[in-house]
2 protein chains.
Amino acid sequence: MNEIDFQNPEQTIFYQIEKAIKQYRTMAQNNLNELGYSITINQILMLIQIEKRPEISQVELSELLFKDVASITRMTELLVKRDFLLRAENKDDRRKKDLRITDKGKTIIELAIPIIKKNRNIALAGLNQEEQENLFKALNTIILNTSK
Amino acid sequence: MNEIDFQNPEQTIFYQIEKAIKQYRTMAQNNLNELGYSITINQILMLIQIEKRPEISQVELSELLFKDVASITRMTELLVKRDFLLRAENKDDRRKKDLRITDKGKTIIELAIPIIKKNRNIALAGLNQEEQENLFKALNTIILNTSK
DNA sequence: ACCATATATTTGATTTATCAATTATATTTG
DNA sequence: CAAATATAATTGATAAATCAAATATATGGT
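None of the values given here were measured: they were computed from a predicted structure. (Residues numbered from 1 in each chain as written. Chains lettered and ligands numbered in written order. Predicted model: local features only at pLDDT ≥ 70, side-chain atom pairs only at ≥ 80, totals over all residues. Heavy atoms only, no water.)

**Student:** Hey, could you go over the packing of aromatic side chains for me, with residue numbers and the actual values?
**Tutor:** The description of an aromatic ring pair rests on the distance of the ring centres and on the angle between the ring planes. On inspection of all chains with the given rule, the structure shows four aromatic pairs over all chains. Ring plane angle 10° and centroid distance 3.9 Å describe the contact between Phe14(A) and Tyr24(B), whose orientation is recorded as stacked. With Phe14(A) in helix α1 (residues 13–33) and Tyr24(B) in helix α1 (residues 13–33), this pair bridges two chains. The same class applies to Phe14(A) and to Tyr24(B), which are both buried. Considering the side-chain rings of Phe66(A) and Tyr15(B), the 4.8 Å spacing of their centres and the 35° angle between planes classify their relative orientation as tilted. (Phe/Tyr/Trp six-rings, centres within 6.5 Å; stacked < 30°, edge-to-face > 60°. Helix = DSSP H or I, 4+ residues; strand = E, 2+ residues; numbered from the N terminus. Buried < 20%, exposed > 50% of the residue type's maximum accessible area, 1.4 Å probe, protein only.)

Below is the structure:
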């Protein structure tokens, strides 16, 4: 596994990472779809962040969700249009917008959270505490190595 | 790390995976951009696969690159237009297309391979052989858990 | 208080990706 | 062998993401 083998990309760690996250996203989205709402994982994760930290800015959301701020603007518009979110001007800083979850938004969050938990458990099944910690640490090393 | 904490998503493994792969892609693309060609990592990876297995089909490429077959069609069109690839009808199976790397394509592959190797080394720095193997295995578990 | 700079969000243009439907050819099966 | 089914690639419509530029407001230094 030391020499990079382009003939067998499936033997590289980065191929594994891509495949793992891709499959995880697909599974997670499929399970979420069974709720019958048509909403994406990213939209739900955004709603959850806003509920937990109502004062969060769109810039902070973009960092948390690994998206461009322009994407957050458009996700926000969509969620407002679909009545999951309210957007209003912030009193203290008029550049900012206050984002608030609607009742409909709260409902879907409540429905989605157990699904997300289930998804994560499915994906990590068979990995014990130590293995999960080592995975976390190894990923953290990659994150540090590739930052900036 | 056992209870899922939506307040601190950065403490979940899936957040780490997303962040690691996102940062890796960004770094890899930035280093590739220094070649001066404007080509994406995905396009290079596709060229490399075709060079190694000239008989590969677009369906197989789509699996290898985690993309829709429609995406592969459009990537192919682009690479043909930019003279990195040739596309011709396959003699034995007229549904298929033969994809062949042009000289220009070969040149850019030669230039890109050392960059990709460097990128992978940068990202994995500080992880010894055993840690890399464990990372690989843990990711493989996730892949198996989330397949179908 | 004024000006330069920084920050938050939005907008327009473009790129990339996906889905569903279509076309063309190959294979299987009754 | 004909009809049904499967496979490979393409196309059109749409969604999602990014970049760069624009707008509006806030902050810091003099």
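What follows continues from the structure just given.
**Student:** So what's going on with unusual backbone geometry? Residues and values would help.
**Tutor:** Working note: non-glycine residues mostly have negative phi, and peptide bonds are mostly trans. Even without glycine at this site, Asp83(A) takes up a positive phi of about 65°. Looking at the element boundaries, Asp83(A) is found in the loop between α4 (69–81) and β1 (85–89). Looking at Asp83(A), the relative accessible area reads 46%, which means it is partly exposed. Of note in this structure, Phe66(B) is not a glycine but carries a positive phi near 60°.

**Student:** An account of the protein's contact with DNA strand C is needed here, citing residue identities and associated values.
**Tutor:** The environment of DNA strand C is formed by 24 residues, the closest being Lys22(A), Gln58(A), Arg74(A), Arg95(A) and Arg74(B). Close to the protein, within 4 Å, the atoms of DNA strand C belong to sugar or phosphate groups at a rate of 62%. The side chain of Asn42(B) places a nitrogen or oxygen atom 3.5 Å from a phosphate oxygen of DNA strand C. Those elements that place two or more of their residues in the surface near DNA strand C are α3 (58–64) and α4 of chain A together with α4 (69–81) of chain B. The biggest single contributor to the surface near DNA strand C is α4(A), with five residues. Residues belonging to the surface near DNA strand C are distributed by class as follows: four nonpolar, six polar and 14 charged. (Near = heavy atom within 4 Å. Polar contact = N/O pair within 3.5 Å; in protein donor to acceptor, adjacent residues only side chain to side chain. Nonpolar A, V, L, I, M, F, W, Y, C, P; charged D, E, K, R; others polar.)

**Student:** Can you explain the environment of Gly36(A)? Please cite residues and give values.
**Tutor:** Residue and element names in this part refer to chain A. Here glycine 36 is to be found in the loop between α1 and α2 (41–52). Assessed through its relative accessible area of 61%, glycine 36 is described here as exposed. It is 32 Å that separates the C-alpha atoms of glycine 36 and glutamate 89, two residues lying 53 residues apart in sequence.

**Student:** Got a sec to walk through the interface of chain A and chain B? Specific residues and values, please.
**Tutor:** Contacts between chain A and chain B engage 54 residues on the former and 54 residues on the latter. Note on chain A versus chain B: buried area summed over both sides is about 5800 Å², and carbon and sulfur give 70% of it. Joining chain A to chain B, the criterion identifies two salt bridges. Across the salt bridge formed by Arg25(A) and Glu18(B), the nearest N and O atoms sit 2.8 Å from each other. Connecting chain A to chain B are 16 residue pairs in polar contact (both at pLDDT 80 or more). Those elements that provide at least two residues to the side of chain A that touches chain B are α1, α2, α3, α5 (103–124) and α6 (129–146) of chain A. Of the residues forming the side of chain A that touches chain B, the biggest block, 14 residues, is contributed by α1(A). Here the side of chain A that touches chain B is built from residues that sort into 28 nonpolar, 14 polar and 12 charged. (Contact = heavy atoms within 4.5 Å. Buried area = accessible area lost by both parts, 1.4 Å probe. Salt bridge = Lys/Arg side-chain N within 4 Å of Asp/Glu carboxyl O.)

**Student:** Lay out the protein's contact with DNA strand D in plain terms, naming residues and giving numbers.
**Tutor:** For DNA strand D, the set of nearby residues contains 24 residues, the closest of which are Arg74(A), Lys22(B), Gln58(B), Arg74(B) and Arg95(B). A share of 63% is what sugar and phosphate atoms reach among the atoms of DNA strand D within 4 Å of the protein. For DNA strand D, a phosphate oxygen lies 3.2 Å from a polar atom in the side chain of Lys67(A). Arg87(B) is positioned such that a nitrogen or oxygen atom in its side chain is 2.9 Å from a phosphate oxygen of DNA strand D. Counting only elements with at least two residues in the surface near DNA strand D, the list comes to α4 of chain A together with α3 (58–64) and α4 of chain B. The residue inventory of the surface near DNA strand D, partitioned by class, reads four nonpolar, six polar and 14 charged.

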